[in-house]
Amino acid sequence: MLRRLCSSLLLGLLLISVGNTAVNHAAAQSDTAYQVIQLVNGFRATYSLPPLQINGSLMASAQNQANFMAANTIFSSHVGFDGSTPQSRANAAGYVGYVSENIVGGTGMTPNQGLIWWENSPVHYNTLVTTRYVEAGAGYATNGSENFYVLVVGRPSNAPPVNTPRDNSPAPLFVTPIELAEPDENGAIIHIVQEGQALWSLAAYYEVSLDDLMLFNNLSKDATLHPGDAVTIRLAEGQEPPPTPTPPLTHIVREGENAWTIAATYGLSLSDFLWFNGLDEKSFLQPGAKVTVRLTDGQTPPPTPTPITTHIVRSGQTLWDIALTYGLSLDDLLAYNGMAADAILQVGQELRVRPEAAPSPTLPPPTAAAPSLTSESAAVVIQVTVAGTAVPPTPTLDPTPQARPQPTAAPAGRSQTAATGALALVIGLTILAGVFIVIGRRSWH
């Protein structure tokens, strides 16, 4: 009986230990997956792009694929268990909308290294700076040596998809393990290139900026490395880097690029890029076209284009698409057009994408201020006779009738003073009039 009891207790402790291990492993997976989302949103913030919103269904879809990749050591495709695709996995997890997926894996790969891989691959970079998708989920799994990361971005739709859309996820990244070089006695790190290694893969494994590698080695982003090449990863202590090369003025559009991705590549705002090239948000860039990405010193920029105020709905577009294209929130777009969130768009429908300008207030015409007489400006009019003829002065009349001041009783003690002053004024005026008359008569004679 005692032996049976001890066996039961031991089994219980073992189950608790296994359970705790599973819980801790799941927590570590979740923490790493959320770290991937944080890294991606931090990268987007450097280009003034809004963060991708975490979606629970997309998190589940991404984690399922990461688990499948780790269990089967799969790097080669986006196909999952039972032939699933990124779209079908997202729909099965309860997501109503359209998705695209980035995957990457490698020996001992950290989340930051995975992000750098995606940054340096043009098609995966497009997923990071997307404006087409607004939500995201991530997954992480390991088989003990290789780590696998999955990023799924999504755009919700107004109704469940009738047909499964074509999967436009970027090709998977198979990461060849890279043995890191140690710093020399001066602190410099020099890497000797092996078969299958590229500049951007070195940037990912050493967790350094691709721009720094290009600067240190006087290389372009598209440079091809050959086995045996020595690549400077880090400069020696006190070593000055070579002069920064002059940034390019133009860019040749590649397949899959759009105005958003090109602007982000060169650190431009979308509005500046469109301005430099005389484009608008609806313009389509053809692969091979040359576009301006920088103005020379003293170069006069083109005239500022007239802002677009309306948008014509094209096939397949949703309210979310249009709002993001013009940098609006969905609520703003709905308010500008008096629409509800469940409104159905028609191809060719015209939508307002800028608020209507408020009408200028109509002001009444100015009126001339009527002159008014005050006690300070009142004048005494005196009739003067010149050469025997009385010439009356031209009076200045106030056309606006003025309210007569009501007489007020003079304070006690002042009545006599006022009467005396008035009498002195009359006498003075009479004497002045007599002087003018005498002068006039003498002049006549």
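Keep in mind it's a predicted model, so treat the numbers as computed, not measured. (Residues numbered from 1 in each chain as written. Predicted model: local features only at pLDDT ≥ 70, side-chain atom pairs only at ≥ 80, totals over all residues. Heavy atoms only, no water.)

**Here we look at the overall build of the chain**
Item 1. Regarding its fold elements, the chain presents twelve helices and 13 strands.
Item 2. A sequence separation of at least 24 residues applies to 69% of the contacts in the chain between residues at least 6 apart.
Item 3. Entry remark: accessible area of the chain is about 27,600 Å², with carbon and sulfur atoms responsible for 58%. (Helix = DSSP H or I, 4+ residues; strand = E, 2+ residues; numbered from the N terminus. Contact = heavy atoms within 4.5 Å. Areas by Shrake-Rupley, 256 points an atom, 1.4 Å probe, with all protein chains shown as cover.)

**Here's the deal with the confidence of the model for the chain**
Item 1. For the chain, per-residue confidence averages 74 on the pLDDT scale, and 67% of positions sit at 70 or higher.
Item 2. Taken together, the stretch residues 17-23 has pLDDT below 50 and engages in zero contacts with residues farther than four places along the chain or on a different chain.
Item 3. Overall, residues 159-164 carries pLDDT values under 50, and its contacts beyond four positions in sequence, including any with other chains, amount to six contacts. (pLDDT = per-residue confidence, 0-100.)

**Focus: helix α2 (residues 56-72)**
Item 1. Taking 1.5 Å of rise per residue, the 17 residues of α2 would be expected to cover 24 Å, and the 25 Å separating its terminal C-alpha atoms lies within 8% of that figure.
Item 2. Within the sequence span of α2, burial applies to Ser57, Leu58, Met59, Ser61, Ala62, Gln63, Gln65, Ala66, Phe68, Met69 and Ala70.
Item 3. Backbone nitrogen of Ser57 and a side-chain oxygen of the N-cap are separated by 2.9 Å at the start of α2; the cap is Asn55.
Item 4. Taken from the residues just after α2, Thr73 is the one with a positive phi, measuring 50°. (Expected span 1.5 Å × (residues − 1). Buried < 20%, exposed > 50% of the residue type's maximum accessible area, 1.4 Å probe, protein only. Polar contact = N/O pair within 3.5 Å; in protein donor to acceptor, adjacent residues only side chain to side chain.)

**Description of the packing of helix α4 (residues 111-120) against helix α6 (residues 199-206)**
Helices that pack against each other are described as a pair by the angle of their axes relative to one another and the distance between those axes.
Item 1. Running from N to C, α4 and α6 point in directions that differ by 160°, and their axes come no closer than 8 Å. By the angle between their directions, the pair α4 and α6 is classed as roughly antiparallel. Considering how the two elements wind past one another, α4 and α6 form a crossing that is right-handed. Judged by residue contacts, Gln113, Ile116, Trp117 and Asn120 of α4 engage Trp200, Ser201, Ala203, Ala204 and Tyr205 from α6.
Item 2. Residues of the contact of α4 with α6, tallied by class, amount to six nonpolar, three polar and no charged. (Axes fitted to C-alpha atoms, helices over the stretch in contact; angles between N-to-C directions. Parallel < 35°, antiparallel > 145°, perpendicular 65-115°, else oblique. Left-handed = near helix turned anticlockwise from the far one by under 90°. Nonpolar A, V, L, I, M, F, W, Y, C, P; charged D, E, K, R; others polar.)

**Notes on the packing of aromatic side chains**
Item 1. One pass over the full model with this rule turns up four aromatic pairs.
Item 2. On the basis of an interplanar angle of 80° and a centroid distance of 6.0 Å, the ring pair of Phe43 and Tyr125 is categorised as edge-to-face. With Phe43 in helix α1 (residues 2-45) and Tyr125 in helix α5 (residues 122-128), this pair connects stretches of sequence that are 82 residues apart. Neither residue differs from the other here; Phe43 and Tyr125 are each classed as buried. (Phe/Tyr/Trp six-rings, centres within 6.5 Å; stacked < 30°, edge-to-face > 60°.)

**Brief notes about unusual backbone geometry**
Item 1. Of note in this structure, Glu207 is not a glycine but carries a positive phi near 55°.
Item 2. Along the chain, Glu207 turns up in the loop between α6 and α7 (210-217).
Item 3. One non-glycine residue, Asn218, lies in positive phi territory at about 55°.
Item 4. Looking at the secondary structure, you find Asn218 in the loop between α7 and β7 (230-234).
Item 5. Taking the relative accessible area as the measure of exposure, Asn218 reaches 72% and is therefore exposed.

**Considerations on α6**
Item 1. For α6, a buried count of seven out of eight residues is recorded, marking the element as mostly surrounded by other parts of the structure.
Item 2. Turning to α6, its buried residues number three or more, namely Leu199, Ser201, Leu202, Ala203, Ala204, Tyr205 and Tyr206.
Item 3. On its buried side, α6 packs onto β2 (97-107), α4, β6 (189-192), α7 and β7.
Item 4. In the stretch just after α6, Glu207 is the one whose phi turns positive, near 55°.

**Some remarks on the pattern of salt bridges**
Item 1. For the coordinates displayed, the defined rule picks out two salt bridges.
Item 2. Here Arg89 ties to Glu101 by a salt bridge, and the two come within 3.1 Å at their closest N and O atoms. Taken together, the positions of Arg89 in helix α3 (residues 86-92) and Glu101 in strand β2 put the pair twelve residues apart, joining distant regions of the chain. Of the two residues, Arg89 and Glu101, both sit in the buried class.
Item 3. The shortest N-O distance in the salt bridge between Glu257 and Arg254 comes to 3.2 Å. (Salt bridge = Lys/Arg side-chain N within 4 Å of Asp/Glu carboxyl O.)

**Comments concerning the pairing of strand β3 (residues 135-142)**
Strand residues, when the strand is regular, have side chains that alternate between the two faces of the sheet.
Item 1. Counting buried positions along β3 gives seven out of eight residues, so the element sits mostly inside the fold.
Item 2. Looking at chain direction, strand β1 (residues 53-54) and β3 are connected through two bridges and run parallel. Across the sheet, residue Gln53 finds its bridge partner in β3, namely Glu135.
Item 3. Looking at chain direction, β3 and strand β4 (residues 146-156) are connected through eight bridges and run antiparallel. When the bridges of β4 are listed, Gly137 appears paired with Val152.
Item 4. Where β3 hands over to β4, the hairpin turn is made up of three residues, of which Gly144 adopts a positive phi near 110°. (Pairing = 2+ DSSP bridges.)

**Some details on the environment of Ala204**
Item 1. Within the fold, Ala204 resides in helix α6.
Item 2. The class for Ala204 is buried, based on a relative accessible area of 0%.
Item 3. A C-alpha to C-alpha distance of 5.4 Å links Ala204 and Trp117, two positions 87 residues apart in sequence.
Item 4. Each residue touching Ala204, except ones within four places of it in the same chain, is listed here: Gln113, Ile116 and Trp117.

**Focus on the packing of α6 against α7**
Item 1. Contact pair α6 / α7: the axes reach a minimum separation of 9 Å and the direction vectors enclose 120°. Of the possible angle classes, the one that applies to α6 and α7 is oblique. Like other packed secondary-structure pairs, α6 and α7 cross with a definite hand, here right-handed. Contacts between α6 and α7 involve Leu199, Trp200, Leu202 and Ala203 from the former and Leu210, Leu213 and Met214 from the latter.

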